[in-house]
Amino acid sequence: MSEKRHMPDYKSPPLLPRLDPEEAGYLGEELESLRALVSRGDALATAGGSVMAWWGVVLAVTHILKALMAADWLPAGLPIGWGAAIIGVPGALLISHFGRGGYSFRSWRNQAISTTWVFAGIGIFVFLLGSQWTRVSEPHITMAFLAIVFSLVLAVMATSSSQSWLLGMAGGWMLTAGAMFVLDSPIDRYIVMAAATVCFMTAPGLVLLRAERRAQPKMRTI
């Protein structure tokens, strides 16, 4: 008895109905929107460039004023550090508050970076308050501590997103921390710290702000 092989019937109707050209075009647009949404994840992970740029400007001006004070071009004893905190913190909060409206979601990377910045700020505040309270504050140690904290935060940002160039900025901050122990003149330390905030915080913040704006979804016009 011969065995009959059942050949597949290629003329049988498909399991799913075929898409007409209009439906296929609509599906292509949806897939393109989904691809754009997924690709925005890495860019949104570096959200907060405006806050970085703001703090870079505030700290640069602060250290320039301290350099002028060390050179006796400004009266000694001016509360420049507390003035920077009074101006910088509300400005950063306002920028962060008004900047959140442009995002459709907050990825876990964005939340991790935001949390890192928050605890870095808390750590800096505790260090400054404790050093002032115990009267063991040394300007070069304080600046070295700030540089190390900024280096660690930027390293986290670089590894949590596709912005690997931020590792170079983190390395620049670590070199700045080492320079605080090598330089003897307080004026040179303040100038180097001011230049570091411009190069390793303000400039990267502006770059991230530009990428952040490009990553925001564009409103479709009907």
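Below, the structure is looked at part by part.

Definitions and cut-offs
Residues numbered from 1 in each chain as written. Predicted model: local features only at pLDDT ≥ 70, side-chain atom pairs only at ≥ 80, totals over all residues. Heavy atoms only, no water. Phe/Tyr/Trp six-rings, centres within 6.5 Å; stacked < 30°, edge-to-face > 60°. Helix = DSSP H or I, 4+ residues; strand = E, 2+ residues; numbered from the N terminus. Buried < 20%, exposed > 50% of the residue type's maximum accessible area, 1.4 Å probe, protein only.

This brings us to the packing of aromatic side chains. If you walk through the whole model with that rule in mind, you get four aromatic pairs. Consider the rings of Trp 117 and Phe 150, whose centres lie 6.4 Å apart with planes at 45 degrees: the pair is tilted. With Trp 117 in helix α4 (residues 108-133) and Phe 150 in helix α5 (residues 139-159), this pair connects stretches of sequence that are 33 residues apart. A relative accessible area of 26% places Trp 117 in the partly exposed class. Accessibility expressed as a relative area gives 6% for Phe 150, which makes it buried.

Looking now at unusual backbone geometry. A positive phi is found at Asp 72, a non-glycine position, where the angle reads about 65 degrees. Looking at the secondary structure, you find Asp 72 in the loop between α2 (49-70) and α3 (80-99). Using a relative accessible area of 67% as the deciding quantity, one classes Asp 72 as exposed. Even without being a glycine, Arg 135 presents a positive backbone phi close to 60 degrees. Along the chain, Arg 135 turns up in the loop between α4 and α5. Take Arg 135: its relative accessible area is 78%, and that puts it in the exposed class.

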